[in-house]
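Summary of structural features
Listed here are the chains, written in short residue letters.
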Amino acid sequence: WALYDDKDVGENSNQKFQYADDVIQEALTNGNDMRLAAEGTVIFNIWMLMAHRLYEAVRLCKQQEVPLELLDSVVALWIGEGQAEAKFDNGWMLYSIGQSASEYYGFDEAEAPINTQLMNMLNKAQDLAQVCPSGQDAAIEFRAHVLHILRRLTVPLVTSLLFHMVANSKNMVELYAVSVVPQVYNCDGDAAVNLESVLYQGYTYSSVDDDTIGDIATFLRCKRITCQDIRVSQSLDNDKLKDLVGKLCDKLDYWDNQGMELPMAGYIPSKDVSEIARLDLDILEIEMLSELGAFDAAFDIYENGHHSFAKPDGSLRDLQSIARMSSLDEMAKFHLYSEYYGSLDFADKFILDALNQSGDFVGASWQERSEVVSRALQTIVAYMAVQARMQEAVDDCKDGKAGLAELKWNEAAAFWIGSAEGLVAASKFDVGRFMYSLANDVCGDFQACAENAESLVNQNLLSSFASGRDSLSGSECTHIERTMTEEIMPRMAIPLIQALIVNAIEYENPVADNKYSHATIHVLAKALIPLVKEVSTSSALTLANTYGSFQQISNGQSAQPVVDALASVIRPLGLSCTEIGILNGDANWAKCGPNGGIDADGDGDAGGDGEKDNDAIPVADTPTNLGDNLYVTSTFVKDKAKIGLDIRDMEKQLKAGNTNTAKSIYENGENSEIFDSDGKYVALRTLRSFSLESSKDMVDEPLFNMFLYALKDNDGNFKQIVAREYANSYVEYAFQNLSASDKTLPAEAAVALNVWMEVVHQLYRTLSLCEQKELRDEEGIQSMDIAAAYWIGEGLDSEDDTKGHLLYALAEDMGSRFSILEGGQSRTNRNVLRLFNEAKTTLALPNACSENPTTYVNLRHTVNKIVSVISIPLVQSLIHHLRANDVERVKLYAHAVIPLVAGCNQPTFEYLRDRLLSGNYNAIEIEKIVDKIRSVYSCLGLKCDDIGVYETEVTDEAPSCIDEGPRVNLAGYTPANDVSDYSRVDLDLREIDILMQMNAFKAAEETYLYGKNVENPNGGTLSLSNIATTSGRSIVPQYDAFTRFYDDKSYVDKIIRAALRGDGIWSGEQRRILVLKAAQTIVMYFGALQAAYEAVSDCSTTVQSRSSASKSDAWDRAAAYLVGSLEGGEAYGTPEGYLFHSLAQEHCEAFGTCESSTGAVDVNNQLINLLYAGRGAVLSDSCAGLQKIAGELSSLILVPSIQGALITAIRLTENKAATAPLLRAEGYVYSRALLPLVDDVNRDAAGVIEKNLGDRRPAKGTQIASEVFTSFSSVYPGIGVDCELIGHIDGFDPCSGVTKDKKSLSTSSILLWSGVGVGGLLLLAALIFFCRRKQDKEGLPENNPKFVVSTGEFNNHSMNLLEKAFSNNKTAPSSPEETNRLTGTTDPSIDIISDDDDFDEAQALKSRLDSTPDII
């Protein structure tokens, strides 16, 4: 390749490549130099024959044969017959040349170091050859070692060349130059050309300058030849050789001596990534081999590597593994390629087709196939590797792996630049094979090069890489993520676009030399099509139809359609027109005006008006008047507000029937400009990007994950596209299914789905930056202003009463239909704008987020309120279109509303989802559906008044909306106070549950830490974390046992936070179980008991200091924390809860403590009775009774946790692999909830339970259940639990801890127990007879009291009477009036004593039990 012209190496050439024979014949015939000919024979013929036999040995090893004979012949050729060991001036072969070089360099007679190294390496090669039959791994290792031998065989050639250079031996210099310089081409083409000019003809030592030495040093570094390999003896008296070697060593050692990593084109990495960078040498070698038709050799390099070490042991990194690497699947853009080309290995298949002349490349020439392979490796494989490494760096940074993140970031830069570009920027040209080289190659065609000829895009990218590198030292993860997504990734496409335009125009000329252009434009098109398709399907189709098929590309094909297609997507791709440049200053190719399209008048815009558009944006703090003084922002957001004009124009085109034009506006944008940080126009904002681009930044946002949860199918898709693009997918669906009555549906969908979620995203973005203290004051205010801009938009006009085209307009339209207009504006919009200003006020104080810890909490509370309010027009629209029976719009707004319901109530969510998302409902169901929607208003933070009164409700054609009352029942318990807000704590748990199912752990943690659904009476929001860490827990008697056991007051908070953040031990599903169960069994256990004992404490204050309305607040709060809102108000509750009441339902059937037909659970029945008894005690100031009830409550609510621990132990004993990991998590939490109490009673029992359940990897075997049952049975009395409440489970007796193995009962045992059973039945019959006789004598009510399970307010008021009657420190009231006086009850809805019969019953019970202990 290096010694012959192009015409000699073509596939039709008959050249036999006899360069060695030509040189030697020249020496013999014309030069008459026998030594020159003999030495030439060794360094050409013998050296290459050795190399050939080494490659043959590799081939045999791959065939699992042992190539010892070939290796022996290599050694024979290397040493020869007449060579004495370690002698100078002896022998004739390469060993002798190495010895001679050692003598030249001043060393005493001994074996030259290079010969010792080669001997050792060849001996090792023999050892490795012995294991070739073992398989592929052995062949790979053997091959890598052979390549090391070949590199070392070059050393004596180099040292000899250097000696002859200083000796000024012209012929010997030329001879050794021809043996060395061709290898330089595989390292640096510029260096090879320079060395040829100096060394090949007319050589004199005086022509060797610093550049020549630099070129030689470049080659030595490429071949891993070090200063140690070429060193001279200190006693050498050849000053010229000392000087030359010294200068070479200075260049080789400079960066090592500086303690710095080797620069790449001016970029100095902070980690050593030189091996990654050397992969460009593999691409160069593959290209050279392919041009010679040596495709098998090229494939060998592609498959197995050559120049890049993967490990210090010399194992090689290969390009094929990069093309196939699994990390690409995590790359942000990879799915675009894999989905478009239908394969994860599309790049590898593309390259293999070219190497094998198959697929689309049948009939392609050597040069074309070579160009396809090298360009694909450059523009697809290396291109994607850059992005993959950056994404890995961001992920590692977020995971706290700072060192690994720094390495991956620098590897990304190495994949962009490569090793061949030199140490200084733009110091080499046409030698690199990565994207840096491509950018420099084409920048001149677009007037987009810097003064040093480096591409401007390369300058910008390397600056961004350096910025990211520096940020990683401080673990600024958000910054590097922004750098990646906003600065680097968009600009990476610029060289692809420039190169395709240049080559397309060149190929348009039929007389041009198109040897490579055909292949080049095909590969560049392949690299660009998936990127272009993301922003414009039509432009991608143009590229695919023109250059997508190699076989169909024709010479002279017009480039115009391709250039136009690329011009239309420059801004949607987020690129700058300035960075693209103008092709050779020709205005005909200036395709980058502010409005896109062709620059007709050459003024740089597409307006055709001859006037240059003003691209500059006003300064950031310039206010924007939105909606004719409707809302004045603090910052400039007019560019964002113009997205409303895109909706306006879409609607116009859709109404006119111009669907394609409307779709182009949606995909490519039309009115809303994007400006860079310097205020210069760079692109158009698109409605589509709100779904495709912004959604990538929403992955940790709670509401976005709720939408994914609600809309995704089992494969994680929505309408067969990845679910995160649901909004775009629905708009596309609307475009595809237009009808006469639904003409504007795509525009309406873009508002309700794309724009609405973008408003929410801006709100959450502000929150995220504030929490991370990365929010500068103006950023936070601008984010809120941006949200307002997207809510209101441009296009409002007070004179013609135009309300705009975005969500503000929708809210006004619905406000009119639902009668909530006030002063010409809907109540919804008034509240939205007020809350926007409230949020801005929170952020307005200097350093609000960085210095004031309450700023984030207050801001989050405001943002949650905004989200509730902005959902109003969506809910109104859904109800309106339901009642209008507009099925398509019902489906649209159902997709906007039903995901909000997902966090409220599972049955309601499923009912609405199944009927509305597909429009599968009947007209007769409409009012029932509306009622279902209304049932979740409180969960959404709304009231009927917020939604308003619909037109048909005014005329009584439809039922009106009624809010829940102030005292909402809790699974059959009626609280005396409104504690509905506290009961909503289970909604926080449901949200956490869903978010963790979606792997949105950060969002779940935010909900845990800061809460969402429970309003704090002192302002803000009450969170589960607040309940878990409050110092008020110390009022609970069991608190001390927990703090002693864990030696930590925040024990449960740490368990939950560790699970949310991931400690590397628990899986995602295990983490979810840990969080939910820990909140259920520990956090809410203490939350409820704290409230109960606060009620006891409050009871000690005087009656006069408290009003009756506040008496039972704490007690009812305990009820709210135990039952929750999701259980509903009816007796027995529902299966949808997340608190104690739900936990009691979970295992009751297995333990026989519930009735499946009614849903009644024994423990829950006891709970409701105790709650009513406690309420009565509070209202009647019976503090001693309340104290006892609280104690019974604390024991009762342990029962479900014990049931959970016991059944988990049974299932772990069964050891079913599928469920074992989840059971381990459950067992771990149950043990955390119970061990402190068990340990207080029986430390040994606690140890057994800890061993079996508390260990994250519990013991296996058949004894787990029996040991756990036995341990618990020993502590029930001590922890106050009635074991009979636990129930019985097949095979085990919880009370005794005994295992009942039915199969082991003997015949005698059966007879014995049968006898006992018969006797027991006789005894029972006698007892029943006696009791019935006794009943006949005691028929009076006072002699036969009954305790009826509560079924409502009337029955349970008797608990108040029981407590009053049984109190030891109160005198029974003498009349109903006296009871009301004593209890201070004035609320007519709480009828403590409703008639004299109730009072008589209480008096009878009092007299019956005067001498007995207080049974409450």
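Note that this is a predicted model, so its numbers are computed, not measured.

Secondary structure assignment for the chain yields 69 helices and 14 strands. Taking all 1416 residues of the chain together, 57% fall into the buried category. By sequence separation, contacts in the chain at least 24 residues apart represent 68% of the contacts at least 6 residues apart. Accessible surface, the chain as shown: approximately 57500 Å² in total, 49% of it carbon and sulfur.

The backbone of Gln-720 shows a phi angle near 70°, a positive value even though the residue is not glycine. According to the relative accessible area criterion, Gln-720 is exposed, its value standing at 74%. Phi is positive for Ala-971, close to 50°, though the residue is something other than glycine. Mapped onto the fold, Ala-971 is located in the loop between helix H47 (951-954) and helix H48 (980-983). Judged by relative accessible area, which is 2%, Ala-971 ranks as buried.

With that out of the way, let us pick up helix H54 (residues 1068-1099). Every α-helix winds through 3.6 residues per turn, so residues three or four apart in the chain are directed the same way. Between its first and last C-alpha atoms H54 spans 45 Å; for 32 residues at 1.5 Å apiece the expected length is 46 Å, and the two agree. At Ala-1079, H54 shows its strongest bend, of approximately 40°. When you tally the buried positions in H54, you get 27 out of 32 residues, the bulk of the element.

Our next topic: the packing of aromatic side chains. Under the defined criterion, the tally for this structure stands at 35 aromatic pairs. Aromatic side chains Phe-415 and Phe-434 sit 6.1 Å apart centroid to centroid with 45° between the ring planes, which places their arrangement in the tilted category. Here the residue Phe-415 occupies a position in helix H21 (residues 402-417), and Phe-434 occupies one in the loop between H21 and helix H22 (435-443), the gap between them amounting to 19 residues. Each member of the pair, Phe-415 as well as Phe-434, is classed as buried. On the numbers, 6.2 Å between centres and 55° between planes, the contact of Tyr-666 with Phe-735 is tilted. Separated by 69 residues along the polypeptide, Tyr-666 in helix H32 (residues 659-668) and Phe-735 in helix H35 (residues 726-736) bring together distant segments of the chain.

It is worth spelling out the nonpolar core at this point. One recurring pattern in soluble globular proteins: nonpolar side chains tend to sit buried together. Residues Tyr-726, Trp-756, Phe-836, Leu-882, Leu-916, Trp-1115 and Phe-1272 are the most contacted members of the largest nonpolar core, which totals 237 residues. For this core, the leading source of residues is H54, giving 19 residues. When near neighbours in sequence (up to four residues on either side) are disregarded, Trp-756 contacts Leu-703, Phe-707, Val-751, Leu-807, Val-867, Ile-870, Ser-871, Leu-874 and Leu-900. Membership of the second largest hydrophobic core comes to 112 residues, among which are Phe-295, Val-381, Ala-519 and Ile-529.

Packing of helix H26 (residues 517-535) against helix H27 (residues 537-547) brings their axes to within 8 Å, and their N-to-C directions diverge by 165°. In terms of orientation, H26 lies roughly antiparallel with respect to H27. When the axes of H26 and H27 are compared, the crossing they make is left-handed. Mapping the contact onto sequence places Ile-521, His-522, Ala-525, Leu-528, Ile-529, Val-532, Lys-533 and Val-535 in H26 and Thr-537, Ser-539, Ala-540, Leu-543, Ala-544 and Tyr-547 in H27. Along the lines of polarity and charge, the residues of the contact of H26 with H27 split into 10 nonpolar, three polar and one charged.

Okay, the side chain of Asp-396 next. By secondary structure assignment, the location of Asp-396 is in helix H20 (residues 366-398). Taking relative accessible area as the criterion, Asp-396 reaches 9% and is therefore assigned buried. Excluding residues within four positions of it along the chain, Asp-396 makes contact with Lys-401, Leu-404, Ala-405 and Lys-408.

Another aspect to go through is the packing of helix H63 (residues 1243-1254) against helix H64 (residues 1264-1273). For any two helices packed against each other, the geometry is given by the interaxial angle and the distance between the axes. Contact geometry of H63 with H64 gives a least axis separation of 9 Å together with a crossing angle of 150°. Classed by the angle they form, the pair H63 and H64 counts as roughly antiparallel. In this structure, H63 crosses over H64, and the sense of that crossing is left-handed. Across from Ala-1245, Val-1248, Ile-1249, Lys-1251, Asn-1252 and Leu-1253 in H63, the residues of H64 making contact are Ile-1264, Glu-1267, Val-1268, Ser-1271 and Phe-1272. Its residues assigned to classes, the contact of H63 with H64 shows seven nonpolar, two polar and two charged.

Summed over all chains, the structure comprises 11 disulfides. Covalent S-S linkage joins Cys-61 and Cys-132, the inter-sulfur distance amounting to 2.0 Å. Judged by the sign of its S-S torsion, about -100°, the bond between Cys-61 and Cys-132 is left-handed. Taken together, the positions of Cys-61 in helix H3 (residues 34-62) and Cys-132 in the loop between helix H6 (113-130) and helix H7 (136-153) put the pair 71 residues apart, joining distant regions of the chain. Looking at Cys-61, the relative accessible area reads 1%, which means it is buried. Bridging Cys-770 to Cys-849, the disulfide has an S-S length of 2.1 Å. Between Cys-770 and Cys-849, the S-S dihedral sits near -105°, and the bridge is therefore left-handed. With Cys-770 in helix H36 (residues 745-771) and Cys-849 in helix H40 (residues 848-851), this residue pair connects regions lying 79 residues apart in the sequence. When sorted by exposure, Cys-770 lands in the same class as Cys-849, which is buried.

Inspection of every chain in the model, using the stated rule, returns 59 salt bridges. Its salt-bridge partner being Glu-392, residue Lys-408 comes within 3.4 Å of it at the nearest N-O pair. Highlighted residues: Lys-408 in helix H21 and Glu-392 in helix H20, separated in sequence by 16 residues. Under the relative-accessibility criterion, Glu-392 is labelled buried at 17%. Here Glu-925 makes a salt bridge to Arg-915, at a shortest N to O gap of 3.1 Å. Of this pair, Glu-925 sits in the loop between helix H44 (906-916) and helix H45 (926-934) while Arg-915 sits in helix H44, placing them 10 residues apart in sequence. The exposure class assigned to Glu-925 is buried, which follows from its relative accessible area of 18%. Three or more residues are tied together by salt bridges with common partners; here these are Asp-742, Glu-748, Asp-886 and Arg-889.

What follows covers the environment of Lys-533. Within the secondary structure, Lys-533 sits in helix H26. Since its relative accessible area comes to 37%, Lys-533 is described here as partly exposed. Between the C-alpha atom of Lys-533 and that of Leu-336, which follows or precedes it by 197 residues, the distance is 8.3 Å. Once residues lying within four places of it in the same chain are set aside, the contact partners of Lys-533 are Tyr-340, Ala-540 and Arg-688.

Taken together, the buried positions of helix H2 (residues 19-29) are Ala-20, Ile-24 and Ala-27. Looking straight down H2, one finds that the buried residues subtend no more than 55° of arc, so they occupy a single side. The secondary structure elements touched by the buried residues of H2 are H3.

Let's shift gears to the confidence of the model for the chain. Here the chain shows a mean pLDDT of 83. Residues at 70 or above account for 85%. No element of the chain has a lower mean pLDDT than helix H68 (residues 1376-1383), at 39, and none a higher one than helix H4 (residues 68-79), at 96. Under a pLDDT of 50 for its full length, residues 593-616 has, in the predicted model, 48 contacts with residues more than four places off or in other chains.

Another aspect to go through is the side chain of Asp-988. Within the fold, Asp-988 resides in helix H49 (residues 985-997). Buried and unpaired, Asp-988 has Lys-1012 as its nearest opposite-charge partner, separated by 7.2 Å. Not counting the four nearest positions on each side in its chain, Asp-988 is found in contact with Thr-1007, Gly-1011, Lys-1012, Asn-1013, Leu-1022 and Leu-1024.

This next bit is on the environment of Ala-1225. Along the polypeptide, Ala-1225 turns up in helix H62 (residues 1220-1241). When the C-alpha positions of Ala-1225 and Thr-1208 are compared, they lie 9.8 Å apart, and in sequence the two are 17 residues distant.

Basis of the calculations
Residues numbered from 1 in each chain as written. Predicted model: local features only at pLDDT ≥ 70, side-chain atom pairs only at ≥ 80, totals over all residues. Heavy atoms only, no water. Helix = DSSP H or I, 4+ residues; strand = E, 2+ residues; numbered from the N terminus. Buried < 20%, exposed > 50% of the residue type's maximum accessible area, 1.4 Å probe, protein only. Contact = heavy atoms within 4.5 Å. Areas by Shrake-Rupley, 256 points an atom, 1.4 Å probe, with all protein chains shown as cover. Expected span 1.5 Å × (residues − 1). Bend = angle between axes of the 7 residues up to and from the residue. Phe/Tyr/Trp six-rings, centres within 6.5 Å; stacked < 30°, edge-to-face > 60°. Core = buried A, V, L, I, M, F, W, Y, C linked by side-chain atoms within 4.5 Å. Axes fitted to C-alpha atoms, helices over the stretch in contact; angles between N-to-C directions. Parallel < 35°, antiparallel > 145°, perpendicular 65-115°, else oblique. Left-handed = near helix turned anticlockwise from the far one by under 90°. Nonpolar A, V, L, I, M, F, W, Y, C, P; charged D, E, K, R; others polar. Disulfide = S-S within 2.5 Å. Salt bridge = Lys/Arg side-chain N within 4 Å of Asp/Glu carboxyl O. Arc of directions from axis to C-beta. pLDDT = per-residue confidence, 0-100. Lys, Arg positive; Asp, Glu negative; His and termini not counted.

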